[in-house]
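A closer look at the structure
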Amino acid sequence: MSSRNNGKGRGLGYELWLGRSALPPDLGAPWLPFLGEVKVERGTAALDSASAEFARSLEGLFGTGPEAGPGSIIAGRPAFVEQTLGGKSAANGTLTGGLPPGDGFAIRLAPAAAGDKPRLAVVSTTDRGVLYGTFALLRAMATGMRPEAAVSEETPAVSFRMLDHWDNLDGSIERGYAGRSLWKWGELPVKVDPRYADYARACASVGINASCLNNVNAACEILSTEYLEKIAVIAGVLRAWGIRTFLSVNFSSPIKMGGLNTADPLDPAVIAWWSAKARELYALIPDFGGFVVKADSEGQPGPFAYGRTHADGANMLARALGSFGGIVIWRAFVYGHGETDRAKKAWANFMPHDGEFEPNVAVQVKNGAIDFQPREPVHPLFGSMEKSSLFMEFQVTQEYLGQGNHVVYLGPMWKEILDFDTHARGKGSTVARLLSAGGGAEGLDRESAPVAPLSGIAGVSNIGDDATWCGSLFHPLNWYAFGRLAWDPSLDTDAIAREWIAQTWGTDRGLIDGILAVVSPSWEACVDYMTPLCLHHIMREHHHYGPDPAFDAGEREDWRSTYYHRADSAGLGFDRTRTGSGGVDQYRKPVADLFDDIETCPEKYLLWFHHVPWDRVLSSGMTLAQELPARYARGVAAAERMRERWRALAPRIDPARHAAVLAKLDIQAADAKEWEAVCVPYFLSFAKASAKELS
Ligand code: GCW
């Protein structure tokens, strides 16, 4: 029976995927020859963390089991590795030569020569790289790989791999479903919750290197000296794990905190206020990452009030931070009243300013043009903006996907977006390639620039202070997968899930296959039982949990379900074709043509781009009126199958953890049924009206 992650007194699930309980002897044996001595470079905070991580994890994985062999593991930067091996001999050179750039690392085996002791080296030119290599090696052990298979060279795909916390200063979390905020502002800076380090360690284990601590709907007080002193303490803890701290800031801070009568980005007093704030910040936190800004979006203040543009606003802040090495992450999540098509708004707002942003500004764009729906086609700004750095914003917290209750593995959803070919520079211009090249399409013209200086992928965190960290024992899978994909978007999502399962639940093959069969189909299941064929935003108002396709009131037209699905007797779906809103033309050709033509539009995006007649025959041979209920039924069946599969795993999983997950899967199956029960009759009433009109 799986005994990993039993909480060790901190509550079920607290250890996340880092429980590191004893490996079964057959999986541990191939590593023993290397465990005679473990030599890890020390002297920087990140190196000390790597060293501590080896000690802690090796003890967990191998305990006081059979005796270790004569060989060694060496981890450090090249000079340390060479020195430890006694000079740069030919053999040693193969361990330290030709290393990946930056925070990349290599895991290498010394060539076996007669009489040599086996040696494994983790080498990087940076201390953070050594830390990432350490985690990669320990992951290889913990997932039951053999040493030869752990040999690798890795370079992160983007420079900023970031979690955005939507945590408010009162401890609540916007769209958080896992308890209260991690950050205990009332206790800081005096009391330092050990959770901060545990959080940072988990982030570092999957390569996350940036964390924005507070909600993008930002309170001005975050920049008060009182708070900055608290933040400096958190930043110190995160730094030891290679993580830079960011803050969300309120554009009106100079008024609300500084007592000025304007926040106009071109006003000298405003510029001076932000510059002074930056100086204060960097005196306290020398490696401070920068600001995340939500401006002129959903009521947040911004440059528009002063007749200025997004570029004016972002650039003013960027200049304040630039000399200290900070960056500005300016969000593109904007829309407004009286829109004919909300999905077109961000593109319309930002495209005119392409090329106007300072080099230390990144425009952060959500994966889709509406808002973190169960499925959306990629945001049209990816591939369209040429001269600006673009960061991706994913949502790890499941605002629209069953929140803390539904088991939905988001890896496949992110992968669909990362693999999408924008054709910005011809075939093969995938979103993942764009992001690595700095986001703007011009980056693709540069010869092999693997990691542009300003390249990033952010995820809105699903982390809170509950025992499991994320609301259930399964929700941490999305934190894990987010980090792994941000590091390497080419990873296979089932392989990522397998890693997580092996480290969280146990290395037994049958167990891994069994749990994979629960999580692997979960996203498509969710799409089917909530928003099949790319229906979108038909959730209940404001809290976004559960179905409400009939919602047709409320203060904003673009918060109404009927605005999005457009059901009528003629058909279903939002017409974004050239004869509709024209949204398709925000994509490049041939993507725009592909989406525009109902014959070639991928069915998975059908109702996003087309108002489809009820009697149109789809690829299944069924009409839309038949297909829609079939999809809902398929989603319900899939949710029920997930639960059955989990039930069948009972003999292999400890009762407490099994029951905790089963309780979530019960809710999910019941919710799936509710979606079907509400949506099918609602939509079919329009199809019936259409049939009546025809007869
Ligand atoms: O997803 C929506 C949420 C808001 C959120 C906003 C945003 C932080 O419903 O809660 O606000 O998007 O991304 O700014």
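Just so you know, these numbers come straight off a predicted model, no measurement behind them. (Residues numbered from 1 in each chain as written. Predicted model: local features only at pLDDT ≥ 70, side-chain atom pairs only at ≥ 80, totals over all residues. Heavy atoms only, no water.)

For the chain, the count of helices and strands is 23 helices and 15 strands. The C-alpha atoms of the chain give a radius of gyration of 26 Å, which matches the 26 Å a tight globule of 695 residues would have. Across its three principal directions, the C-alpha atoms of the chain cover 90 × 65 × 50 Å. Evaluated residue by residue, the chain yields a buried proportion of 62% over its 695 residues. Considering only contacts within the chain whose residues lie at least 6 apart along the sequence, 72% involve residues at least 24 apart. (Helix = DSSP H or I, 4+ residues; strand = E, 2+ residues; numbered from the N terminus. Rg over C-alpha atoms; globule rule 2.2 N^0.38 Å. Buried < 20%, exposed > 50% of the residue type's maximum accessible area, 1.4 Å probe, protein only. Contact = heavy atoms within 4.5 Å.)

Here we take up the side chain of Asp371. One can find Asp371 in the loop between strand E11 (361–366) and strand E12 (389–395). The exposure class assigned to Asp371 is buried, which follows from its relative accessible area of 6%. Among the polar contacts made by the side chain of Asp371, one reaches the side chain of Lys366 at a distance of 2.7 Å. (Polar contact = N/O pair within 3.5 Å; in protein donor to acceptor, adjacent residues only side chain to side chain.)

As a further point, take the packing of helix H5 (residues 127–142) against helix H7 (residues 195–205). Running from N to C, H5 and H7 cross one another at 80°; their axes reach a closest spacing of 9 Å. Taken together, H5 and H7 sit at an angle that is classed as roughly perpendicular. Where H5 approaches H7, its residues Leu131, Tyr132, Phe135 and Arg139 are matched on the opposing element by Arg201, Ala204 and Ser205. Here the contact of H5 with H7 is built from residues that sort into 4 nonpolar, 1 polar and 2 charged. (Axes fitted to C-alpha atoms, helices over the stretch in contact; angles between N-to-C directions. Parallel < 35°, antiparallel > 145°, perpendicular 65-115°, else oblique. Nonpolar A, V, L, I, M, F, W, Y, C, P; charged D, E, K, R; others polar.)

Let us now look at the sheet that holds strand E1 (residues 37–40). Backbone-to-backbone hydrogen bonds join strands into a sheet, with any given pair of strands oriented parallel or antiparallel. A sheet is described by the order of its strands in space; here 5 strands give the open sequence E1-E2-E4-E3-E5, paired in mixed fashion. Two strands bound the open sheet, and with one partner strand each, they are E1 and strand E5 (152–154). Ignoring which end each strand starts from, the neighbouring axes of this sheet average 10° apart. Sheet strands touched by helix H3 (residues 78–85): E1, strand E2 (72–76) and strand E4 (119–123). Its angle to E2, the strand with the most contacts, is close to 150°. Contacting E2, strand E3 (105–109) and E4, H5 runs over the sheet at an angle of about 50° to E3. (Pairing = 2+ DSSP bridges.)

Secondary-structure assignment places Arg119 in strand E4. Look at Arg119 and you get buried, because its relative accessible area is 18%. Along the sequence, Arg119 and Ile73 sit 46 residues apart, while their C-alpha atoms lie 5.8 Å from each other.

In this section: the side chain of Gln395. Among the structural elements, Gln395 can be located in strand E12. What makes Gln395 buried here is its relative accessible area of 4%. At 2.8 Å, the side chain of Gln395 and the side chain of Glu399 are in polar contact. Apart from residues lying up to four places away in sequence, Gln395 is in contact with Trp166, Phe372, Tyr400, Leu410, Trp414 and Val460.

Here the focus is the site of the ligand. Close to the ligand lie 14 residues, the nearest being Glu174, Lys294, Arg331, Lys366 and Glu399. At a separation of 2.9 Å, an oxygen atom of the ligand approaches a polar side-chain atom of Arg175. One nitrogen or oxygen atom from the side chain of Lys294 is found 2.6 Å from an oxygen atom belonging to the ligand. When the ligand is considered free in solution it has 340 Å² of accessible area, and contact with the protein chains removes 98% of it. Of the residues in the shell around the ligand, the class split is 3 nonpolar, 3 polar and 8 charged. (Near = heavy atom within 4 Å. Areas by Shrake-Rupley, 256 points an atom, 1.4 Å probe, with all protein chains shown as cover.)

In the contact formed by H7 and helix H8 (residues 225–239), the axes pass within 8 Å of each other and the chain directions differ by 40°. Accordingly, the angle class assigned to the pair H7 and H8 is oblique. Read as a crossing pair, H7 and H8 show a hand that is right-handed. Counting all contacts with H7, which are made through Tyr196, Ala197, Tyr199 and Ala200, the residues of H8 involved are Ile234, Val237 and Leu238. Partitioning the contact of H7 with H8 into residue classes produces 7 nonpolar, no polar and no charged. (Left-handed = near helix turned anticlockwise from the far one by under 90°.)

Compared with the 21 Å implied by 1.5 Å per residue over 15 residues, the 20 Å span of H8 between its first and last C-alpha is a close match. Every buried residue of H8 is accounted for by Tyr227, Leu228, Lys230, Ile231, Ala232, Ile234, Ala235, Val237 and Leu238. In this structure, the buried residues of H8 make contact with H7, strand E7 (210–212), strand E8 (244–249) and helix H10 (268–284). (Expected span 1.5 Å × (residues − 1).)

A separate point is the environment of Leu213. With respect to the helices and strands, Leu213 occurs in the loop between E7 and H8. When the C-alpha positions of Leu213 and Val292 are compared, they lie 10.0 Å apart, and in sequence the two are 79 residues distant. With near-sequence residues (within four places) excluded, Leu213 lies in contact with His165, Asp167, Trp183, Trp185, Ile231, Ile234, Leu238, Thr245, Phe246 and Leu247.

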